[in-house]
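Examining the three-dimensional arrangement
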Amino acid sequence: MPAALAARYAPPPRPAPEPAAPPVAAADRPRIEDVLREHGPMLSRIAGSYESEPARRDDLLQEITLAVWKALPAWRGDASLRTFTARVAHNRAIDHLARERKAMGEELDEAHPDPGASPVHHAEAQQRRAGLVAAVRRLPLGQRQVVVLALEGFALKEIGQALGLEENTVAQRLSRARRQLNDWLGEGA
Amino acid sequence: MSANQDWAALSADWRSQESPGIDVEALRAEATRRGRTLRRVLALEIVFSALVAVMCAYIALQPGADGFERWLFGGLGVFMVVYQAYMVWLRRREWSEAGLDASALLEVELRRCATTQHYWRLGMWLSLAIWVGLFGLWLHALQAGWPDQRVGGLMGGLLANMLLMPALGVYGLWRSRQARARCQRLHALRELLGAA
C-alpha cells in the first residue's frame, strides 16, 4: 500500500492492550443454548435498537446470535459473559450497518417516528415502550449504544468494556442521551 | 419522581419489550450451511488454481519447450499460486467480535477496504501493462522473424485478451466503486460512533 494511502487510513494511536487472559477452558465454557436462554432477550432488544423493520431486525438478530456462537470459544472470562455477549452484539450490528446500504441509509436519512405519536388503541404500557424504543433509535449512534446497555442495567464500567470506551466518555454520552430522552419523552407525554 | 426513579422506570419499560424466542436448532443448521458453502467455494477456487498451475508446469517442463515458453508458463504458474494464496489471506481475516471494540473493527475494515481498492487498481494496470508488453513482443517477433508457431501463439494470446481485458476492466471498476462506497459508509459510521 502506498505510504500516503496507508497514512490516510492509519488508525489513531490506541493505548497498548493489556496481555489477554487465555480463553475459558472448553469444559467450563457455557453452552450456546444457555447463553441464548439467558441473554437472548437482551440480544433481541439490541437488534431492535438498530433495526425497526421486523424482518430486518430478525435477520440482524440471527447474525448476532451466530456471531455470539462463533465468538464463545474466545471468551476469556475477564469481562462477564453478559458484557462479552453485548460487545459481540454491538460489533455485529455495526458490521450490519457497514454492509447494508439500506440500513446505513436508514441510519443517516430516515426520519424516525415521533416517539410521542403512538396508536390510539395501544395500551398505555405498550405506548410507553414504543415511544421509548423510537426515542432510543432516534439518538445518535454513539449515544444509542451507551443508552441501550444502560437500559439493560449495565454499569458504566461494563458499558466501557463492551464498547471499548473510557468510563468518562460513557458517562458523558449517557448524560447527554438521558437529557435528550427526557426532552423527547416529555414532549410526548 | 427523582431522575433515578425515572431512569429505573424507563429501564423496566425497555426490558419488558417482547422478544422472539431463538431457535437454536435453526441457528445450528444455518451455521453449518454457511460453513459448508464457504468451504466449497474455497475448495473450488483452490482446485481451479492448482489445475491451472499444474497445466502451466506441465507445459513449461515439456522436453520440447524452449526457454521462452519455460519462463512464460513457469511465471504464470507461480503467479496463479501467489494470487490464490493472496486471496486466501484476504479472506482469512474475519472480524473477531470477541477481541475488538466497534471503532477498532471499523479501522480494520477501513484498511481492508483501502487494500481492496488498491488491489483492483493495481491488478487492472498490471494486466494492461502485461498485454501491452505482449503486444510489443509480438511486433518485435514479426520484425525479428521468429518462428510462425511462436508468433501465432503470441497472437492468439493477444486476441483472447482483447476480450478479457475490457471485461476485467469493467469488473475491476465495479469492485473499486463498491469498495469506495463502502469506505464512505465506514467513514460515516465512524463519525456517528465518535459523536458524543
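Residues numbered from 1 in each chain as written. Chains lettered and ligands numbered in written order. Predicted model: local features only at pLDDT ≥ 70, side-chain atom pairs only at ≥ 80, totals over all residues. Heavy atoms only, no water.

This part is about the overall build of chain A. A tally of helices and strands in chain A yields 9 helices and 0 strands. Reading chain A from its N terminus to its C terminus gives the helix and strand order α-α-α-α-α-α-α-α-α. Looking at the 189 residues of chain A, the share that counts as buried comes to 44%. Within chain A, contacts between residues separated by at least 24 positions form 68% of all contacts whose residues are at least 6 apart in sequence. Just so you have it, chain A exposes about 9,200 Å², and 51% of that area is on carbon and sulfur atoms. (Helix = DSSP H or I, 4+ residues; strand = E, 2+ residues; numbered from the N terminus. Buried < 20%, exposed > 50% of the residue type's maximum accessible area, 1.4 Å probe, protein only. Contact = heavy atoms within 4.5 Å. Areas by Shrake-Rupley, 256 points an atom, 1.4 Å probe, with all protein chains shown as cover.)

Right, let's talk about the interface of chain A and chain B for a bit. Interface size, as often reported, equals the accessible area lost upon joining of the parts. Contact residues are listed per partner, giving 64 residues for chain A and 49 residues for chain B. Where chain A abuts chain B, roughly 5,300 Å² becomes buried across the two surfaces, and 62% of that area is made up of carbon and sulfur atoms. In this structure, A:E33 and B:R28 form a salt bridge, with 2.6 Å as the shortest nitrogen-oxygen distance. Linking chain A with chain B are 10 residue pairs in polar contact (both at pLDDT 80 or more). Taken together, the elements giving at least two residues each to the side of chain A that touches chain B come down to helix 1 (3-9), helix 2 (32-50), helix 3 (54-71), helix 4 (81-99), helix 5 (101-109), helix 6 (124-138), helix 7 (141-151) and helix 9 (167-188) of chain A. Considering only residue class, the side of chain A that touches chain B consists of 34 nonpolar, 12 polar and 18 charged. (Buried area = accessible area lost by both parts, 1.4 Å probe. Salt bridge = Lys/Arg side-chain N within 4 Å of Asp/Glu carboxyl O. Polar contact = N/O pair within 3.5 Å; in protein donor to acceptor, adjacent residues only side chain to side chain. Nonpolar A, V, L, I, M, F, W, Y, C, P; charged D, E, K, R; others polar.)

This part covers a nonpolar patch on the surface. Taken together, the side chains of B:W125, B:L128 and B:V132 define a hydrophobic patch exposed on the protein surface, amounting to about 330 Å² of accessible area. With respect to the helices and strands, B:W125 occurs in helix 4 (residues 102-144). (Patch = residues over 30% accessible without salt bridge, like charges linked within 9 Å, V, L, I, M, F, W, Y side chains within 5 Å.)

A few words now on helix 6 of chain A. Between the first and last C-alpha of helix 6 of chain A there are 21 Å, a value that for 15 residues agrees with the 21 Å anticipated at 1.5 Å per step. Taken together, the buried positions of helix 6 of chain A are occupied by A:R129, A:G131, A:L132, A:V133, A:A134, A:A135, A:V136 and A:R137. (Expected span 1.5 Å × (residues − 1).)

In total, this model carries 4 aromatic pairs over all chains according to the counting rule given. Ring plane angle 40° and centroid distance 5.8 Å describe the contact between B:Y171 and B:W174, whose orientation is recorded as tilted. Separated by 3 residues within a single helix, B:Y171 and B:W174 lie in helix 5 (residues 148-194), roughly one turn from each other. Taken together, the ring pairs connect B:W120, B:Y171 and B:W174 into an aromatic cluster. In this arrangement the basic side chain of A:R82 is found over the ring face of A:F154, its NZ or CZ atom lying 4.0 Å from the centre. The lysine or arginine in question, A:R144, covers the ring of A:Y50, its NZ or CZ lying 5.8 Å from the ring centre. (Phe/Tyr/Trp six-rings, centres within 6.5 Å; stacked < 30°, edge-to-face > 60°. Lys NZ or Arg CZ within 6 Å of the ring centre and 35° of its normal.)

In this section: the pattern of salt bridges. Applying the stated criterion across every chain, the model contains 12 salt bridges over all chains. In this structure, the salt-bridge partner of A:R56 is A:E51, at a minimum N-O distance of 3.3 Å. Residues joined in a network through salt bridges with shared partners are A:R31, A:E33, A:D34, A:R37, B:E25 and B:R28.

With that out of the way, let us pick up the confidence of the model for chain A. Residues shown with low pLDDT carry predicted positions that ought not to be read at fine detail. All names here are of chain A. Across chain A, the average pLDDT comes to 79, with 75% of residues at or above 70. By mean pLDDT, the top-scoring element of chain A is helix 7 (94), and the lowest-scoring one is helix 1 (45). Per-residue pLDDT stays below 50 along residues 1-15; that stretch engages in 21 contacts with residues further than four places along the chain or on separate chains. Contacts of residues 105-115 to residues separated by more than four positions or lying in other chains number 20 contacts, the stretch itself having pLDDT below 50. (pLDDT = per-residue confidence, 0-100.)

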